[in-house]
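Notes for the structure review
Now for the letters of each chain:
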Amino acid sequence: ETRASTAKATEERLRQLSDTEVEQRRRAAAATVDRLTHQITEHRDLRDRGLTVCPKCGQPIDPAAIEKDLAQWAAELEAAKRQQASAVAEIQDLRAQAKTATDKRVEAARALDRFLDLRASLERGKRDLLKIDEEGSALNERLELGTEGLTELVEKEFGPVKGIEEARRRVEERLRALRAT
């Protein structure tokens, strides 16, 4: 019971990590990638067109500043892509760990069910054996009483005998003798 709740808590924590904390990092990195990609594309376009004044805001364009900004943004873009890829890999890893934890918990529950079924079966077997033992003891007592009664009956008729086999032999001899007459 305790292990099952611990395993369930671990699964939930792994899912929460992948669904919230790491997912937030992935989204933030993706947003940065999108923003930087857009900035780089727009500024490369301005540079490639050879414009000296920005068509949107009207400010003068400094080619050296654009090159410096493009280099800086390209480095930031690569870092953001690495962060995004790292977050995606971490999400996949956490989900795989959560799945493994779920699989282990489910298998442990199945093993526990098999164990409990086996234990119940053994208990039924014990009860059945005790019942058979009791019935065997009762039957043995009845057989002993019956054997004693038969022996007494034969001894009255034929005299002392050493056991049931001798009593049986004497009865058979008498039956043969009676049949022969």
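Note that the structure is predicted; figures quoted are calculated from it, not measured.

This paragraph deals with the packing of helix H2 (residues 63-158) against helix H3 (residues 164-180). The geometry of H2 relative to H3 is characterised by a closest axis approach of 10 Å and an angle of 50° between their N-to-C directions. Between H2 and H3, the angle falls in the class oblique. Pair H2 / H3 crosses with left-handed handedness. Judged by residue contacts, Thr147, Leu150, Thr151, Val154, Glu157 and Phe158 of H2 engage Ile164, Ala167, Arg170, Val171 and Arg174 from H3.

Looking at the largest pocket, its volume works out to about 270 Å³. If you go around the largest pocket, you meet 17 residues; those closest to its centre are His43, Leu46, Cys54, Cys57 and Ile61. Secondary structure elements with two or more residues in the lining of the largest pocket: helix H1 (2-49) and H2. With five residues, H1 is the largest single contributor of residues to the lining of the largest pocket. Within the lining of the largest pocket, the residues separate by chemical class into nine nonpolar, two polar and six charged.

Taken as a whole and judged by the stated rule, the model has 15 salt bridges. The salt bridge involving Glu42 is made with Lys56; its shortest N-O contact spans 2.7 Å. Of this pair, Glu42 sits in helix H1 while Lys56 sits in the loop between H1 and H2; the two residues are 14 residues apart in sequence, bridging distant segments of the chain. For Glu42, a relative accessible area of 28% puts it in the partly exposed group. You can call Lys56 exposed: its relative accessible area is 67%. In this structure, Arg47 and Glu67 form a salt bridge, with 3.0 Å as the shortest nitrogen-oxygen distance. Of this pair, Arg47 sits in helix H1 while Glu67 sits in helix H2; the two residues are 20 residues apart in sequence, bridging distant segments of the chain. Within this structure, Glu23, Arg26 and Arg27 form a network of salt bridges that share partners.

So, on to a negative patch on the surface. A contiguous patch of negative charge on the surface is contributed by Glu141, Glu144, Glu148, Glu152 and Glu155. Mapped onto the secondary structure, Glu152 falls in helix H2.

Where nonpolar side chains cluster on the molecular surface, the patch consists of Leu112, Phe115 and Leu116 and spans about 270 Å² of accessible area. One can find Leu116 in helix H2. Judged by relative accessible area, Leu116 falls into the partly exposed class, the value being 34%.

Position of Ala29 among the secondary structure elements: in helix H1. As for Ala29 and Thr10, which are separated by 19 residues in sequence, their C-alpha atoms are 27 Å apart. Ignoring any residue separated from it by four or fewer positions in sequence, one finds Ala29 in contact with Ala80, Gln83 and Gln84.

The rules we used
- Residues numbered from 1 in each chain as written.
- Predicted model: local features only at pLDDT ≥ 70, side-chain atom pairs only at ≥ 80, totals over all residues.
- Heavy atoms only, no water.
- Axes fitted to C-alpha atoms, helices over the stretch in contact; angles between N-to-C directions.
- Helix = DSSP H or I, 4+ residues; strand = E, 2+ residues; numbered from the N terminus.
- Parallel < 35°, antiparallel > 145°, perpendicular 65-115°, else oblique.
- Left-handed = near helix turned anticlockwise from the far one by under 90°.
- Contact = heavy atoms within 4.5 Å.
- 1 Å grid on protein atoms, 1.4 Å probe; cavity = no way out; pocket = protein on both sides within 12 Å on 5 of 7 lines; lining within 4 Å.
- Points joined across faces, edges and corners; volume = space filled by probe spheres on them.
- Nonpolar A, V, L, I, M, F, W, Y, C, P; charged D, E, K, R; others polar.
- Salt bridge = Lys/Arg side-chain N within 4 Å of Asp/Glu carboxyl O.
- Buried < 20%, exposed > 50% of the residue type's maximum accessible area, 1.4 Å probe, protein only.
- Patch = residues over 30% accessible without salt bridge, like charges linked within 9 Å, V, L, I, M, F, W, Y side chains within 5 Å.
- Areas by Shrake-Rupley, 256 points an atom, 1.4 Å probe, with all protein chains shown as cover.
- Lys, Arg positive; Asp, Glu negative; His and termini not counted.
- Charge placed at Lys NZ, Arg CZ, Asp CG, Glu CD.

By themselves, these figures tell us nothing about what the structure is for.
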